Amino acid sequence: MSLTVAVGAAPRQNWLEKLGAGHIILAVALVLYPLVASDFFLTQIGGYSLIFGMLALSLMMLAGYGGMVSLAQITVAGIAAYAIAILGENNSNVLGLGWPWWIAAPFAILAAAVASALIGWISVRTEGIYTIMITLAIATATFYFAQQNYAIFNGHSGYAGIRAPVFWGVNWRDPKAFYYLCLGSAVLSYAGILYGARSTFGMTVQAIRDNPRRMRALGYHVTAHKVFAWFLAGIIAGVAGVLLVWFNGRVSPGTIGVDAAIDVLIIAVIGGLRHPMGPFLGALVVVLMQTFAIDLVGAERFNALIGLVFLVIVFISPDGILGLWGRIRPQLAQESLRSGP
């Protein structure tokens, strides 16, 4: 009589185990946040952090997974914002085609994604500092073009009087509704990045980041994969741009200025470029500083404060706040083991 020993695979995890306790606790806290927060904290802190977190997330996708640092993500978002103003309604008496939001918003996001792919097609032929300089040049050129063009971008004034849609009987610019709209968009973007990083395409992009010459020798179209990564990042930045123009009710060249492009990079680096959660942490830190610290140090010294915080975090942890937590967590675990029986 022979005994058959079944070498079984590890038991399959249910969706709660795959999410993990940290994600579940964070999700519950974010959903319940409007119950304890005022309208100011819902929009100026919560909504604004989620919007800029998505912008930094699109940069994190390119830089962290693809090795392509872009300073043009705010430009991509601005294209979506201008598209909403031009295709929808505005109070500037310039263009304003009056399209319904459910047509204008998808078209604006698609325009942003196509523009991002075009920027990627131009910049992927370079690496490192040259990619940064090309995307910075594109962002700067777009800023000055928007400032000097009155037929399409309405020049320095831009567009005002842009309203968020009203559907399902809800005005989506109301604080709670807008917060949940931003939260839903951020969750979908975050989940999409997590899933994409583990997909065949995501693993291929990461392999191209590590060794493009070998991947090209294996038969992969390196340029096509990089450009498509830019297209996907453009979708996330486009969604953020639509939410941003609904939040502010206006868009102007200042929205897509060079200082805003650098802010997105600072947010991504402060939070960390190795995990999709990093951009949202960085956005929360920067938004809180912009909201409260400016009253303590003044507007003239605020940029110096941001730069100082940026330098401290980079020197302590090159991987940002998440990298710092990754170094502290093992030590906390060892301390808990030592304090046990």
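Owing to the predicted nature of the structure, the values given are computational and were not obtained by experimental measurement. (Residues numbered from 1 in each chain as written. Predicted model: local features only at pLDDT ≥ 70, side-chain atom pairs only at ≥ 80, totals over all residues. Heavy atoms only, no water.)

(A) Up close: the overall build of the chain. Per the secondary structure count, the chain includes 13 helices and 4 strands. Burial statistics for the chain: of 341 residues in total, 44% are counted as buried. For the chain, restricting intrachain contacts to residue pairs at least 6 apart in sequence, the fraction spanning at least 24 positions comes to 75%. As presented, the chain carries roughly 18,400 Å² of accessible surface, and 66% of it is formed by carbon and sulfur atoms. (Helix = DSSP H or I, 4+ residues; strand = E, 2+ residues; numbered from the N terminus. Buried < 20%, exposed > 50% of the residue type's maximum accessible area, 1.4 Å probe, protein only. Contact = heavy atoms within 4.5 Å. Areas by Shrake-Rupley, 256 points an atom, 1.4 Å probe, with all protein chains shown as cover.)

(B) Geometry of a nonpolar patch on the surface. A surface patch of nonpolar side chains, about 640 Å² in accessible area, is lined by Ile24, Val28, Val31, Leu32, Leu35, Val36 and Tyr180. With 4 residues, helix α1 (residues 15-32) is the single largest residue contributor to the nonpolar patch. Mapped onto the fold, tyrosine 180 is located in helix α6 (residues 175-198). (Patch = residues over 30% accessible without salt bridge, like charges linked within 9 Å, V, L, I, M, F, W, Y side chains within 5 Å. Salt bridge = Lys/Arg side-chain N within 4 Å of Asp/Glu carboxyl O.)

(C) Fine view of the packing of aromatic side chains. Per the counting criterion, the structure on display carries 17 aromatic pairs. Relative to tyrosine 144, the ring of phenylalanine 143 lies with its centre 5.0 Å away and its plane at 70 degrees, an arrangement referred to as edge-to-face. A relative accessible area of 15% places phenylalanine 143 in the buried class. Aromatic pair phenylalanine 167 and tryptophan 172: ring centres 5.1 Å apart, planes at 25 degrees, arrangement stacked. You'll find phenylalanine 167 and tryptophan 172 in the same group, each marked buried. Connected via pairs of aromatic rings, a cluster forms that spans Tyr48, Phe52, Phe178 and Phe247. Just above the ring of phenylalanine 178 sits the side chain of arginine 173; from NZ or CZ to the centre is 5.2 Å. (Phe/Tyr/Trp six-rings, centres within 6.5 Å; stacked < 30°, edge-to-face > 60°. Lys NZ or Arg CZ within 6 Å of the ring centre and 35° of its normal.)

(D) Region of interest: the environment of valine 166. Note on placement: valine 166 falls in strand β2 (residues 166-167). For the pair formed by valine 166 and tryptophan 101, sequence separation is 65 residues and the distance between their alpha carbons is 9.1 Å.

(E) Broad picture of the confidence of the model for the chain. Within the chain, residue pLDDT values average 88, and 90% of them lie at 70 or more. Segment residues 1-9: pLDDT under 50, and 0 contacts once partners within four positions in sequence are set aside and those in other chains are kept. (pLDDT = per-residue confidence, 0-100.)

(F) View of helix α2 (residues 39-66). With 28 residues, α2 ought to run about 40 Å at 1.5 Å a step, and its terminal C-alpha atoms sit 38 Å apart, in line with that. Among the 28 residues in α2, 24 count as buried, and that is most of the element. Glycine 67 occupies a position one or two residues after α2 and carries a positive phi of about 70 degrees. (Expected span 1.5 Å × (residues − 1).)

(G) Representation of the nonpolar core in the model. Core analysis: the largest hydrophobic core is formed by 86 residues, its most contacted members being Ile84 and Trp246. For this core, the leading source of residues is α2, giving 16 residues. The contacts of isoleucine 84, once residues within four sequence positions are left out, are Glu89, Ala104, Ala105, Ala108, Ile162, Val242, Val245 and Trp246. (Core = buried A, V, L, I, M, F, W, Y, C linked by side-chain atoms within 4.5 Å.)

(H) Molecular detail of the pattern of salt bridges. Enumeration over the complete set of coordinates arrives at 2 salt bridges. Aspartate 210 is the partner of arginine 209 in a salt bridge, and the nearest nitrogen-oxygen pair spans 3.0 Å. Under the relative-accessibility criterion, arginine 209 is labelled partly exposed at 30%. Of the charged contacts in the structure, one is a salt bridge between aspartate 319 and arginine 274, with a shortest N-O distance of 2.9 Å. Taken together, the residues span a long stretch of sequence, with aspartate 319 in the loop between α12 (299-316) and α13 (320-338) and arginine 274 in the loop between α10 (258-271) and α11 (277-297) at a distance of 45 residues. The exposure class assigned to aspartate 319 is partly exposed, which follows from its relative accessible area of 31%. Arginine 274 sits in the exposed class, given a relative accessible area of 65%.

(I) Quick look at unusual backbone geometry. Positive phi, close to 50 degrees, is recorded for leucine 95, a residue that is not glycine. Unlike most non-glycine residues, asparagine 154 shows phi in positive territory, near 60 degrees. With respect to the helices and strands, asparagine 154 occurs in the loop between α5 (129-148) and β1 (159-160). You can call asparagine 154 buried: its relative accessible area is 12%.

(J) Quick peek at the packing of α2 against α6. Remark: α2 packs on α6, axes separated minimally by 9 Å, with the N-to-C direction vectors making an angle of 20 degrees. Compared by their axis directions, α2 and α6 come out roughly parallel. Relative to α6, the crossing made by α2 is left-handed. Along the contact surface, α2 presents Asp39, Leu42, Thr43, Gly46, Gly47, Leu50, Ile51, Met54, Leu57, Met61 and Tyr65, while α6 presents Pro175, Lys176, Phe178, Tyr179, Cys182, Leu183, Ser185, Ala186, Ser189, Tyr190, Ile193 and Ala197. Along the lines of polarity and charge, the residues of the contact of α2 with α6 split into 16 nonpolar, 5 polar and 2 charged. (Axes fitted to C-alpha atoms, helices over the stretch in contact; angles between N-to-C directions. Parallel < 35°, antiparallel > 145°, perpendicular 65-115°, else oblique. Left-handed = near helix turned anticlockwise from the far one by under 90°. Nonpolar A, V, L, I, M, F, W, Y, C, P; charged D, E, K, R; others polar.)

(K) Quick peek at α5. Between its first and last C-alpha, α5 extends 29 Å over 20 residues, near the 28 Å set by a 1.5 Å rise per residue. Buried within α5 are the following residues: Thr131, Thr135, Ile138, Ala139, Phe143 and Ala146. Buried residues of α5 fall within an arc of 135 degrees about the axis and therefore sit on the same side. Across α5 from its buried face, at more than 90 degrees, point the exposed residues Ile129, Tyr130 and Gln148. At its buried positions, α5 is contacted by α3 (73-87), α4 (101-123) and α9 (222-248). (Arc of directions from axis to C-beta.)

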